[in-house]
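Survey of secondary and tertiary structure
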Amino acid sequence: MRVTLSDQDRRFITRFEDETGATARDCLVYDDEDRVVFLVVAGEMAQAVGPDGRHVQAVEEALGRTVELVEDADTPEAFVANALAPAAVQHVTISEQGDRVAYAEVPEADRGAAIGRDGRNIETARRLARRHYDLDDVQLT
C-alpha cells in the first residue's frame, strides 16, 4: 500500500533521520496534541531511541513536540502488537469477513495502556494499520 506524505511529514521524517540515524517509513502528526508518531523500520528501534533515550529527546527538542515510536513488522499481526506497545499483546488474529479487522488479545491489566488516554494509542494503531496493512479496524479482546 502506498502512503502519501505531506511536506510537513517529510520535513519531520528528515529531521528524525538526521537526529537518530534510523529510518522512518511514516509519521502521523497530531497538531492538536503537539505529538508526532514515527513508524521506524524493523530492527532500527534501538538506533532511533539512542543511549538513554538521547536520540528521541533530541528529536523532541528539535520539533517542539512529544515523539512516539512504533516499530514496523513483516506481518500485520506483528505490526498491530508493536503498535499497541507497551501493552503486552498476547495474540493478534486478522478476520477477513467483509472488513479486515485485527483482534488483539490484551490482558485486562494492560487494556489501559493499549487504549491510551482518550483512546489515542489504539487510534494511532488503527491509523497506521490502515495505511500500511489495509486493515479496516483494530479491536481489543
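Cut-offs used in this document
- Think of each chain on its own: its residues are numbered from 1, step by step along the sequence as written.
- Where totals are concerned, whole chains, interfaces and linings use all residues; where local detail is concerned, this predicted model gives features only for residues with pLDDT of at least 70, and gives and counts side-chain atom pairs only at 80 or more.
- Excluded from the side-chain calculations are hydrogens and water; all other atoms, namely the structure's heavy atoms, are used.
- Each reported salt bridge corresponds to a side-chain nitrogen of Lys or Arg within 4 Å of a carboxyl oxygen of Asp or Glu.
- Only protein chains enter the calculation, and the probe is 1.4 Å; a residue is then buried if its accessible area is under 20% of its type maximum, exposed if over 50%, and partly exposed in between.
- We count a stretch as a helix when DSSP gives it H or I for four or more residues in a row; a strand needs E for two or more, and each element gets its number in order from the N terminus.
- Pairing between strands is defined by DSSP: at least two bridges between the two strands are required.
- Axis definition: a line fitted to C-alpha atoms, over the contacting stretch in the case of helices. Angles run 0 to 180 degrees between N-to-C directions.
- We call two residues in contact whenever any of their non-hydrogen atoms come within 4.5 Å of each other.
- Contacts described as polar in this section are N or O atom pairs within 3.5 Å, which, within protein, must combine one atom able to donate a hydrogen with one able to accept it, while residues neighboring in sequence count only if both atoms come from side chains.
- Within this scheme, the nonpolar core is defined by two criteria: the residues are buried Ala, Val, Leu, Ile, Met, Phe, Trp, Tyr or Cys, and they are joined through side-chain atoms within 4.5 Å.
- Throughout the structure description, domain borders are defined by an automatic or database domain assignment.

1. Quick word on the pattern of salt bridges
In the structure shown here, the tally under the stated rule is 12 salt bridges. Among the ionic pairs, Arg 54 bridges to Asp 52, the shortest N-O distance being 3.8 Å. A relative accessible area of 48% places Arg 54 in the partly exposed class. Owing to a relative accessible area of 70%, Asp 52 belongs among the exposed residues under this scheme. Among the salt bridges present, the one from Glu 68 reaches Arg 120, with a minimum N-O distance of 3.3 Å. Of this pair, Glu 68 sits in strand S3 (residues 66-71) while Arg 120 sits in helix H6 (residues 120-133); the two residues are 52 residues apart in sequence, bridging distant segments of the chain. Within this structure, Glu 33, Arg 35, Glu 68 and Arg 120 form a network of salt bridges that share partners.

2. Re the pairing of strand S4 (residues 91-97)
Note: S4 against strand S5 (residues 99-105), 7 bridges, orientation antiparallel. Each bridged residue has a counterpart across the sheet, and for Glu 96 the counterpart in S5 is Arg 100. Linking S4 to S5, which pair antiparallel, is a turn of 1 residue; within it Gly 98 sits at a positive phi near 90°.

3. Notes on the sheet that holds strand S1 (residues 24-30)
Taken in spatial order, the 3 strands line up as S1-S2-S3 in an open sheet, and their pairing is mixed. Of all the strands in the sheet, the pair left with one neighbour each is S1 and S3. Across this sheet, the average inter-strand angle for adjacent strands is 20°, counted without regard to direction. Inspection of the sheet shows strand S2 (residues 35-40) paired to S3 by 6 bridges, in the parallel sense. Bridge pairing links Leu 39 to Val 70 in S3. Packing of helix H1 (residues 7-20) onto the sheet brings it into contact with S1, S2 and S3, and relative to S1 it is tilted by some 120°. Contacting S2 and S3, helix H3 (residues 54-63) crosses the sheet at an angle of about 135° to S3.

4. Considerations on the sheet that holds S4
Hydrogen bonds along the backbone pair up the strands of a sheet, which may run parallel or antiparallel. Pairing within the open sheet is mixed, and its 3 strands lie in the order S4-S5-S6. The sheet terminates laterally at S4 and strand S6 (137-140), the two strands that pair on one side only. On average, each strand axis in the sheet is tilted by 25° relative to the strand beside it, whichever way the strands run. Judged from the 4 bridges that link them, S5 and S6 form a sheet pairing that is parallel.

5. A few points about the side chain of Thr 124
Here Thr 124 lies in helix H6. At a separation of 3.0 Å, a polar atom in the side chain of Thr 124 contacts the main-chain carbonyl oxygen of Arg 120.

6. Here we look at the nonpolar core
Phe 79, Val 80 and Leu 84 are the most contacted members of the largest nonpolar core, which totals 25 residues. Every element with two or more residues in this core is listed here: S1, S2, helix H4 (76-83), S4, S5, H6 and S6. Here this core takes 5 residues from H6, the largest share from any one element. Shared between two domains, this core takes at least three residues from each, and those domains are domain 1 (7-71) and domain 2 (76-140). If near-sequence neighbours (up to four positions away) are discounted, Leu 84 is found in contact with Val 89, Ala 104, Ala 114, Ile 122, Ala 125, Val 138 and Leu 140. One finds Val 40, Met 45, Val 59 and Val 67 within the second-largest nonpolar core, a separate group that totals 16 residues.

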